[in-house]
Amino acid sequence: MIQHSQNEIQNEEIDFSSLGLDSNITEKLKPLGIEKPMAVQKEVIPLILQKKDVAFQSETGTGKTLAYLLPASQMNARIIVISPTAELGAQIKRYAKEKLGLSSVLAAGGSPIQRQAESLKEKPAVVCATAARIVELSRLKKLKVRDFSILVLDELDRLLSPELRDSTEEAIKTFSHAQLISCSATIPKKSLELLSRFSQKKIELIRLPQENVLQKRIFHIAIFSQTRDKIDTLRRFLSAVKVEKALIFTAKSADVHLIAEKISRKNIICASLSAKSGKVERKSTIDRFRSGKIRFLVTSDLTSRGMDIDGITHVIQMDTPEDADFFVHRAGRTARAGKTGTNVVIGNAKDMIRLSTIEKKLKIAIHPREIRGGKLIKIEDGNETINV
């Protein structure tokens, strides 16, 4: 394992061409409003172009997907991207196809394998897959393994969790000839040890310094509410504040549809996703939320896993999770790719006690607010209104 420090590429303003990317690749980024590489892209792209095996750690929303798709595109390499969920795979597929014009298919459980096998005959540049399905396709001789020269493990820590480790290891063995690229927001020591055991080469390890997105780019506020009044408080918040797109979390899966239903009665168009949502319903709802046809989506922690939606300006938490990691996961759905966002907690007395503990643990500032006269105001000064 070869570890790099970020000093090797300074933080001066450089463009993508300085990293070794051709103009025909960088031209695709202009319509996306992407002119300068982000920190992780500065570090990783040159190493991938040198065909080195790379593992890199960078916070959520810092440009990891582009860091491996751009050089792969220039290398004319066919690429397998393994992700822990079909939803994340679908998002990477969409990004590769719609943003970069790369032919892409999804190969994951829950859909007919024969249909996916037919799609592979078209020789897509990018195959986004779950490990178990890609191994299955390989065993059935529906996938020409040697046609792929890059294997990406996206969200490495989850792929090497006990429940997914066996299929991930089998996928790595299946593509042992390929350049291995791994990434995640967190790469624990145990994951690195496992990866080194599976890999055939020395791995270049890149750990990007924390950008402190939670502290620097997300504004956190807390609104006290009795349990029975929480949904009404949510409604009043959405009426008081200009919210372009919000993801609304609740820990209780049974409350997901209830919250959406009660909010919708007040002429606020709101959709919901729970564990009971079918695959077709889930896809339709996420597509409508992504496109902006619906601005507010209520979901639970479990059903939001793997969901990466552009343009979420607000995250609203209808309770405070006991685990700080869940709080981070929720809040991290906003302020992505260099943008800013707002995280709102609507909580009762018990929630506020938990929130105080999380505030200290994560070293963030949480600002108390209340809704009065149809406006969101600081509790310290009842005459001052704020925009969030």
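Summary of the structure given here. The structure presented is a predicted model; accordingly, all values stated were derived computationally and were not measured.

### Notes on empty space enclosed by the protein
Space left empty within the atom packing is revealed by a probe, the size of a water molecule, rolled over the atoms.
Okay, step 1: Throughout the structure, instances matching the rule amount to one cavity of 30 Å³ or more.
Okay, step 2: In this structure, the largest cavity spans a volume of roughly 70 Å³.
Okay, step 3: In terms of lining, the largest cavity is formed by D53, L151, I172, F175, S176, A178, L180, F198, S199, Q200 and K201.
Okay, step 4: Residues belonging to the lining of the largest cavity are distributed by class as follows: six nonpolar, three polar and two charged.

### Considering the environment of K144
Okay, step 1: Within the element layout of this structure, K144 appears in the loop between α6 (131-139) and β6 (150-154).
Okay, step 2: The class of K144 is exposed, set by a relative accessible area of 59%.
Okay, step 3: Through-space distance from the C-alpha of K144 to that of K51 is 21 Å; in sequence the pair is 93 residues apart.

### Describing the packing of helix α5 (residues 113-120) against α6
To describe two helices that pack against each other, one gives the angle between their axes and the distance between the axes.
Okay, step 1: At a minimum axis distance of 11 Å, the contact between α5 and α6 shows a crossing angle of 70°. By the criterion of interaxial angle, the relationship of α5 to α6 is roughly perpendicular. Residues I113, Q116, A117 and L120 of α5 touch α6, and the partners they reach there are R133, E136 and L137.

### With respect to the nonpolar core
Okay, step 1: Ranked by size, the top nonpolar core spans 35 residues in total, and within it F56, Y68, L70, I79, V81 and V126 carry the most contacts.
Okay, step 2: Secondary-structure elements contributing two or more residues to this core are α2 (39-49), β2 (53-57), α3 (64-74), β3 (79-82), α4 (86-100), β5 (126-129), β6 and β7 (179-184).
Okay, step 3: In terms of residue count, the dominant contributor to this core is α3 (six residues).
Okay, step 4: Once residues lying within four places of it in the same chain are set aside, the contact partners of L70 are F16, L21, I25, L29, I45 and L100.
Okay, step 5: The next biggest cluster of nonpolar side chains, apart from the first, holds 33 residues, and it includes I82, L159, I203 and L205.

### Some thoughts on the sheet that holds strand β9 (residues 218-224)
Okay, step 1: The mixed open sheet is built from eight strands, whose spatial order is β11-β12-β10-β13-β14-β9-β15-β16. Whereas interior strands pair on both sides, the edge strands pair on one side only; in this sheet they are β11 (270-272) and β16 (375-378). Strand-to-strand, the axes of this sheet are offset by a mean angle of 30°, without reference to chain direction.
Okay, step 2: Direction of pairing for strand β13 (residues 314-317) relative to strand β14 (residues 341-347): parallel, over a ladder of four bridges. Residue V315 lies in a different strand from β14, and its bridge partner there is N343.

Conventions used here
- Residue numbers here run from 1 along each chain, matching the order of that chain's written sequence.
- The predicted nature of this model means local features are confined to residues of pLDDT at least 70 and side-chain atom pairs, given and counted, to a pLDDT of 80 or more, with totals for whole chains, interfaces and linings taken over all residues.
- Side-chain calculation: all heavy atoms of the structure are included, whereas hydrogens and water are not.
- Cavity means a closed set of points on a 1 Å grid over the protein atoms alone, one where a 1.4 Å probe fits but cannot get out, pocket means an open set with protein on both sides within 12 Å along at least 5 of 7 lines, and lining means a residue has an atom within 4 Å of a point.
- Grid points are joined across faces, edges and corners, and a volume is the space filled by probe spheres set on the points.
- Each residue is assigned to one of three groups, with Ala, Val, Leu, Ile, Met, Phe, Trp, Tyr, Cys and Pro labelled nonpolar, Asp, Glu, Lys and Arg labelled charged, and all others, Gly among them, labelled polar.
- A run of DSSP states H or I qualifies as a helix once it reaches four residues; a run of E qualifies as a strand once it reaches two. Both are numbered from the N-terminal end.
- Each residue gets one of three labels from its accessible area relative to the maximum for its type: buried under 20%, exposed over 50%, partly exposed in between, using a 1.4 Å probe on protein chains only.
- Lines fitted to the C-alpha atoms define the axes, with helices restricted to the stretch that makes contact. Angles between their N-to-C directions range from 0 to 180 degrees.
- For classification purposes, angles smaller than 35 degrees are called roughly parallel, those larger than 145 roughly antiparallel, those between 65 and 115 roughly perpendicular, and all remaining angles oblique.
- Contacts: residue pairs with any heavy atoms within 4.5 Å of one another.
- Among buried residues, the Ala, Val, Leu, Ile, Met, Phe, Trp, Tyr and Cys ones that are joined through side-chain atoms within 4.5 Å form a nonpolar core.
- Paired strands, as defined in this entry, are two strands with at least two bridges between them according to DSSP.

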